[in-house]
Amino acid sequence: MSSKDSTNSTTSITGSMNPIDSMTVLVTGGCGFIGSHLVRLILRERPNWRVINVDKLTYAGNPENIPDVNNATKPSRYQFVQADIVDGQAINALFDSEKIEYVVNLAAETHVDRSLIDSAPFLRTNVEGTRVLLEAATHYGISRFLHVSTDEVYGSLGPTDPPFTEQSPLEPNSPYAASKAAADLLARAYHRSYGLPVLITRCGNNYGPYQFPEKFLPLFITNALDDQSLPLYGDGQNIRDWIHVEDHVRALLQVLEKGIPGEIYNTGAGEEHTNQRMAEWVLDILKKPRSLIQLVKDRPAHDRRYGLNVTKIQNKLGWRPSIPLGEGLGVTVSWYQDHRAWWERIKSGEYSNYYRQWYRDRLAIVPQ
Ligand code: NAD
Ligand code: TDX
């Protein structure tokens, strides 16, 4: 690989920039769920930053996730580029034409169940796409590369195990998780091998507005709104550690600006709950009967429990989650109630084929 010096970078390789400094950040996957919240946060709170959003617009990418940005932001501060992160030519052309200082890599295939049907797109985007970005970032000598990994790389906890720390072994169980673990380790290797200032975050389950309704909470909320069954896998006792997406993107910004290159930061809100509890919570908020919950065939290799020790990000960077689950869940349910057109368009499109295929054997009655 070729490595250029950092002449087109405005900071030292380990230094972080003052938030008021002007700079250009490349966000990949900015039309997805978390990426759209991050783009919005940066444009709102870093008035001198320019955001280039590279997104392929897969089934999960949706420009409608950032309507305020698309319609109201001055073009000079926001640019959307439809491109595939695996396409080295397109990515290098972008680095050639723009003075990119920071990269935040969120672009990924993200749905565990789809990775169990076909793992190829997961390996392609999550591993090869990350490699293409790391290579370009190294070549062009950028200041910081934040790779957004996931708690799923750690595998599964037993009921009495302490939560995962950054030192926990990586034992991914699904093709999705394995592809994310590979990308995570590749990002680490680019730091060790080439000195690329890589930062890695591993976050728990996000919830909030604009989440694609294949994921547990938006699927259950929108099914409940339509009085459809909520397909709860297995015995419903699997545990996830839930965090509001706004808290997550604030952590990402903090790590991007203040994190130490080469370091990994777990991110989570310490809200561990069983899927059954979450499903009942949604139904109670909507005043719908709990009989809508239907226990269905389990997901293969279904991780039993995720939980994160977030002492490091709290102590080293001073980040704290600020949205309690009880509050965030209520507001999120209201958002889906108020944005029926957004999710109905998704659920009636390509997603309906997937839903029929995946849940056909699971649900007794699947809408035709
Ligand atoms: P998402 O599926 O909502 O969005 C992914 C985005 O990436 C989409 O806009 C899609 O079009 C884009 N994309 C996919 N393949 C691409 C490619 N080859 N080139 C360019 N763009 C491409 O995902 P999300 O939930 O917002 O997750 C974002 C990131 O955060 C992922 O890396 C995911 O692994 C990680 N993460 C998610 C969670 C969670 O709970 N959602 C938790 C921890 C980590
Ligand atoms: O229909 C369902 N029924 C059900 O019981 C679905 C879709 C899910 N579940 C269960 C499986 C999980 O235990 O709910 C839990 C959450 O499922 P997902 O929303 O698919 O998330 P998960 O598998 O935990 O992975 C998520 O968190 C980590 C994201 O999808 C990943 O992108 C992220 O990395």
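Now for a quick tour of the structure. (Residues numbered from 1 in each chain as written. Chains lettered and ligands numbered in written order. Predicted model: local features only at pLDDT ≥ 70, side-chain atom pairs only at ≥ 80, totals over all residues. Heavy atoms only, no water.)

## Describing the sheet that holds strand β11 (residues 272-274)
Across the sheet, 3 strands lie side by side as β7-β9-β11; this open sheet has mixed pairing. The sheet is open, and its two borders are formed by β7 (205-207) and β11, each paired with just one other strand. Taking the axes of each pair of neighbouring strands and ignoring which way they run, one obtains an average angle of 50 degrees across the sheet. Where β7 and strand β9 (residues 239-244) come together, 3 bridges link them in parallel fashion. Note that in β9 the partner of N205 across the bridge is W242. (Pairing = 2+ DSSP bridges. Helix = DSSP H or I, 4+ residues; strand = E, 2+ residues; numbered from the N terminus. Axes fitted to C-alpha atoms, helices over the stretch in contact; angles between N-to-C directions.)

## Points about the sheet that holds strand β10 (residues 264-267)
Strand order in the open sheet formed by 7 strands is β3-β2-β1-β4-β5-β6-β10, with parallel pairing between adjacent strands. Edge strands, defined here as strands with exactly one partner in the open sheet, are β3 (78-82) and β10. In this sheet, neighbouring strand axes are inclined to one another by 20 degrees on average, regardless of whether the strands run parallel or antiparallel. In this sheet, strand β4 (residues 102-105) lies alongside strand β1 (residues 23-28) in parallel orientation, the contact comprising 4 bridges. The residue bridging T28 from the neighbouring strand is N105, located in β4. This element, helix α3 (residues 88-97), spans β1, β2 (49-55), β3 and β4 of the sheet and lies at about 165 degrees to β2. Lying over the sheet, helix α6 (residues 175-194) contacts β5 (144-150) and β6 (198-203), oriented at roughly 155 degrees with respect to β5. (Contact = heavy atoms within 4.5 Å.)

## Some remarks on the packing of α3 against helix α5 (residues 120-139)
The geometry of α3 relative to α5 is characterised by a closest axis approach of 10 Å and an angle of 30 degrees between their N-to-C directions. Relative to α5, the element α3 is oriented roughly parallel. Crossing of α3 against α5: the hand is right-handed. Between α3 and α5, the residues in contact are G88, I91, N92 and F95 and V132, L133, A136 and A137, respectively. Of the residues that constitute the contact of α3 with α5, the class distribution is 6 nonpolar, 2 polar and no charged. (Parallel < 35°, antiparallel > 145°, perpendicular 65-115°, else oblique. Left-handed = near helix turned anticlockwise from the far one by under 90°. Nonpolar A, V, L, I, M, F, W, Y, C, P; charged D, E, K, R; others polar.)

## Focus on the site of ligand 2
Neighbouring ligand 2 are 23 residues; E152, Y176, R299, H302 and Y359 lie closest to it. One of the side-chain N or O atoms of N205 is found 2.9 Å from an oxygen atom in ligand 2. Note that an oxygen atom of ligand 2 is positioned 2.9 Å from one of the backbone N or O atoms of Y233. Here ligand 2 loses 94% of its free accessible area of 650 Å² to cover by the protein chains. For the shell around ligand 2, the elements supplying multiple residues, two or more each, are α4 (112-117), α7 (216-225) and β8 (230-233). (Near = heavy atom within 4 Å. Polar contact = N/O pair within 3.5 Å; in protein donor to acceptor, adjacent residues only side chain to side chain. Areas by Shrake-Rupley, 256 points an atom, 1.4 Å probe, with all protein chains shown as cover.)

## Observations concerning the side chain of D303
Take D303: it is sitting in the loop between β12 (293-296) and α10 (311-317). The side chain of D303 is buried and forms no salt bridge, while R240, the nearest opposite charge, is found at 5.2 Å. (Buried < 20%, exposed > 50% of the residue type's maximum accessible area, 1.4 Å probe, protein only. Lys, Arg positive; Asp, Glu negative; His and termini not counted. Salt bridge = Lys/Arg side-chain N within 4 Å of Asp/Glu carboxyl O.)

## Digging into the site of ligand 1
Among the 28 residues in the neighbourhood of ligand 1, the closest are listed as I34, D55, T110, Y176 and K180. At 2.9 Å from a nitrogen atom of ligand 1 is found a side-chain nitrogen or oxygen belonging to D84. K180 places a side-chain nitrogen or oxygen 2.7 Å from an oxygen atom of ligand 1. Burial of ligand 1 by the protein amounts to 96% of the accessible area it has alone, namely 840 Å². For the shell around ligand 1, the elements supplying multiple residues, two or more each, are α1 (33-45), β5, α6 and β7. Top contributing element to the shell around ligand 1 by residue count: β5, with 3 residues. Broken down by class, the residue content of the shell around ligand 1 amounts to 13 nonpolar, 11 polar and 4 charged.

## Things to note about the pattern of salt bridges
Taken as a whole, this structure holds 22 salt bridges when the rule is applied. For the salt bridge of D84 with K56, the shortest nitrogen-to-oxygen distance reads 3.5 Å. Of the two residues, D84 sits in the loop between β3 and α3 while K56 sits in the loop between β2 and α2 (67-72), which places them 28 residues apart along the sequence. Given a relative accessible area of 14%, D84 falls into the buried group. The class of K56 is partly exposed, set by a relative accessible area of 38%. Two residues, R202 and D184, come together in a salt bridge whose shortest N-O distance is 2.7 Å. In this pair, R202 sits in strand β6 while D184 sits in helix α6, placing the two residues 18 residues apart along the sequence. By relative accessible area, which is 3% here, R202 ends up buried.

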